Amino acid sequence: STLAPAWVLLDETTLEVDEQGYYTETHRVAIRLRINAGRSYAQGVVSYNGKSDKVQSVGAWLIRKGKIVQDKTGSDWADREAGSTGSIIDEMRKREIDLREFAVGEDVFGYETRIRGPLLVAQVSGGFGYEIPVLEGSIRLTLPVGFSAEAHMQGYRPLVASDIPGRRTWVWT
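For the structure given in this document, a descriptive report is provided here. Quick caveat, the model's predicted, so the values are computed rather than measured. Per-chain numbering applies: the sequence of each chain, read as written, is numbered from 1 onward. For a predicted model such as this one, the threshold for reporting local features is a pLDDT of at least 70, and the threshold for listing and counting side-chain atom pairs is 80 or more; totals across whole chains, interfaces and linings nevertheless cover every residue. Note that water and hydrogens are dropped before the side-chain values are worked out from all heavy atoms of the structure.

Brief notes about the sheet that holds strand β6 (residues 78-81)
We apply this condition: By this definition, two strands are paired if DSSP reports at least two bridges between them. Segments assigned H or I by DSSP are reported as helices when at least four residues long, segments assigned E as strands when at least two residues long, and all are numbered from the N terminus. Axes, fitted as lines to C-alpha atoms, cover a helix only where it is in contact. Angles between the N-to-C directions of the axes lie from 0 to 180 degrees.
Spatially, the 3 strands line up as an open sheet ordered β3-β7-β6, and their pairing is antiparallel. Unpaired on one side and paired on the other, β3 (43-49) and β6 mark the two borders of the sheet. Across this sheet, the average inter-strand angle for adjacent strands is 25°, counted without regard to direction.

Let's talk about the pattern of salt bridges
Note the following rule: For this document, the term salt bridge refers to a Lys or Arg side-chain nitrogen within 4 Å of an Asp or Glu carboxyl oxygen. Three exposure classes are used, based on accessible area relative to the maximum for each residue type with a 1.4 Å probe and protein chains only: buried under 20%, partly exposed in between, and exposed over 50%.
This model, assessed by the stated rule, comprises 11 salt bridges. Between aspartate 107 and arginine 64 there is a salt bridge, with the nearest N and O atoms lying 2.8 Å from each other. Here aspartate 107, found in the loop between β7 (92-98) and β8 (108-118), pairs with arginine 64, found in strand β4 (residues 54-64); they are 43 residues apart in sequence, far enough to count as distant. A residue is classified by how much of its surface remains accessible, and aspartate 107, at 1% relative accessible area, is buried. Ionic pairing is found between arginine 93 and aspartate 79, a salt bridge with its closest N-O pair at 2.7 Å.

Some points on the side chain of threonine 169
Filter applied, for reference: For this analysis, a polar contact is any N or O atom pair within 3.5 Å, provided that within protein one partner can donate a hydrogen and the other can accept it, and provided that sequence-adjacent residues contribute only side-chain to side-chain pairs.
Within the secondary structure, threonine 169 is located in strand β11 (residues 169-172). A residue is classified by how much of its surface remains accessible, and threonine 169, at 0% relative accessible area, is buried. Among the polar contacts made by the side chain of threonine 169, one reaches the side chain of threonine 142 at a distance of 3.0 Å.

Things to note about the side chain of serine 138
Short version of the rule: Between two residues, a contact is recorded if the distance between any of their heavy atoms is within 4.5 Å.
Mapped onto the elements of the fold, serine 138 is located in strand β9 (residues 137-142). We classify serine 138 as buried; its relative accessible area is 12%. Filtering out sequence-adjacent residues up to four positions away, serine 138 remains in contact with Asp11, Glu12, Thr13, Phe128, Trp172 and Thr173.

Okay, structure coming up:
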């Protein structure tokens with residue numbers, strides 16, 4: 001039998017909305033590259049609206065035998081157009097990091113991104129799933145008093161949110 005070349009140890013998205021309708025989204029990913037073929041997963045990306053969002057921070061790390069061998073932040077990430085040039089409402093962009101050439105089997109690749117911007121529409125989306133096994137994945141939504149959430153899930157087995165009482169927070173795992 002063939003084994004997966006990598007495992008997603010963690011895929012965690014936290015979305016916090018403030019009283020003015022601005023959101024802060026933090027995305028953390030850690031991937032264990034099991035064999036050299038897993039190097040293809042040593043890449044990170046964050047998409048954002050170039051007209052209204054601000055990328056607050058980006059960072060990526062390659063860890064080998066417990067030591068950081070690559071540490072890439074800020075200007076190390078490439079900023080690219082994501083296909084909506086000239087749009088009136090938004091201009092989708094993405095920041096990317098690619099550490100495949102430095103990675104070897106048994107490394108852990110991780111990245112964290114943080115963006116902030118106005119909710120232009122009262123809708124947020126998130127997704128689960130990779131083509132490799134995921135050990136832990138979650139999406140956490142925190143809203144201020146006066147805001148509400150109505151979840152619409154699609155997929156083979158739609159997830160159910162767990163509501164954290166008194167916190168206005170929902171978590172899908």
